[in-house]
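Working through the structure, step by step
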Amino acid sequence: QVQLVESGGGLVQAGGSLRLSCAASGSIRRINAMAWYRQAPGKQRELVARIDSLGIIYYVDSVKGRFTISRDNAKNTVYLQMNSLEPEDTAVYYCYLNITVAYSTTVRDYWGQGTQVTVSS
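Below: a short report on this structure.

Conventions adopted
Residues numbered from 1 in each chain as written. Predicted model: local features only at pLDDT ≥ 70, side-chain atom pairs only at ≥ 80, totals over all residues. Heavy atoms only, no water. Salt bridge = Lys/Arg side-chain N within 4 Å of Asp/Glu carboxyl O. Core = buried A, V, L, I, M, F, W, Y, C linked by side-chain atoms within 4.5 Å. Buried < 20%, exposed > 50% of the residue type's maximum accessible area, 1.4 Å probe, protein only. Helix = DSSP H or I, 4+ residues; strand = E, 2+ residues; numbered from the N terminus. Contact = heavy atoms within 4.5 Å. Pairing = 2+ DSSP bridges. Axes fitted to C-alpha atoms, helices over the stretch in contact; angles between N-to-C directions.

**Observations regarding the pattern of salt bridges**
A full pass over the atoms with the stated rule returns five salt bridges. Within this structure, Arg38, Glu46, Arg66, Glu86 and Asp89 form a network of salt bridges that share partners.

The following block contains the structure:
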């Protein structure tokens with residue numbers, strides 16, 4: 001079993017900053033890819049940022065230059081630093097991890113519980 005715990009969401013004014021964290025624990029052999037998705041009301045879930053085991057990073061165009069994804073392999077944690085937040089960033093943010101399960105070659109996807117980010121204008 002693998003558990004993901006997200007933290008760091010909240011309410012912030014436009015132009016402000018928030019830092020999301022997602023810590024994984026449990027039967028983990030290796031964390032492959034780590035990512036953050038978001039889902040705004042009435043919209044599909046979209047990939048915001050992704051970092052793989054080689055450190056290769058992807059950002060959706062709308063957050064480039066404002067958001068930074070990073071990972072701490074020792075802590076099995078992924079972060080999303082969000083600066084210059086805009087009302088359009090308001091959404092529920094979900095972390096995603098692709099994990100090789102301990103003592104096996106099984107690879108599985110895991111999702112965090114979601115954390116609300118609200119940016120007021």
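**Considering the nonpolar core**
Formed by 33 residues in total, the largest nonpolar core has its most connected members in Trp36, Leu80, Met82, Tyr93 and Leu97. Going through the elements one at a time, β1 (2-7), β3 (18-26), β4 (28-39), β5 (46-51), β7 (67-72), β8 (77-82), β9 (91-101) and β11 (115-120) are the ones with two or more residues in this core. Looking at this core element by element, the count peaks at six residues for β9. Setting aside residues up to four positions removed in sequence, Leu80 forms contacts with Leu18, Arg19, Leu20, Trp36, Val48, Ala49, Phe67, Thr68, Ile69 and Tyr93.

**Section: the sheet that holds β1**
Strands pair in a sheet through their backbones, by hydrogen bonds, and they do so in one of two ways: parallel or antiparallel. Pairing in this open sheet of four strands is antiparallel, and the strands run β1-β3-β8-β7 from one edge to the other. Of all strands in the sheet, those with a lone pairing partner are β1 and β7, marking the two edges. Taking each pair of neighbouring strands and ignoring which way they run, the sheet shows an average axis angle of 15°. As paired strands, β3 and β8 are joined by six bridges and run antiparallel to one another. Each residue of the ladder has a partner; that of Ala23, found in β8, is Thr77.

**Points about the environment of Leu47**
Tracing the chain through its elements places Leu47 in strand β5. On the accessibility criterion, Leu47 (23% relative accessible area) is partly exposed. Excluding its chain neighbours within four sequence positions, the residues that come into contact with Leu47 are Ala35, Trp36, Tyr37, Tyr58 and Val60.

**Concerning unusual backbone geometry**
In the Ramachandran plot, Ser84 falls in the positive-phi region, its phi being about 50° despite a non-glycine side chain. Summarising the element assignment, Ser84 is placed in the loop between β8 and β9. The exposure class of Ser84 is partly exposed, given its relative accessible area of 42%. Look at Tyr103: it is not a glycine, yet its phi comes out positive at around 60°. Topologically, Tyr103 is positioned in the loop between β9 and β10 (107-111). A residue is classified by how much of its surface remains accessible, and Tyr103, at 86% relative accessible area, is exposed.

**Quick look at the pairing of β10**
The pairing of β9 with β10 spans five bridges and is antiparallel. Bridge pairing links Leu97 to Tyr110 in β10.

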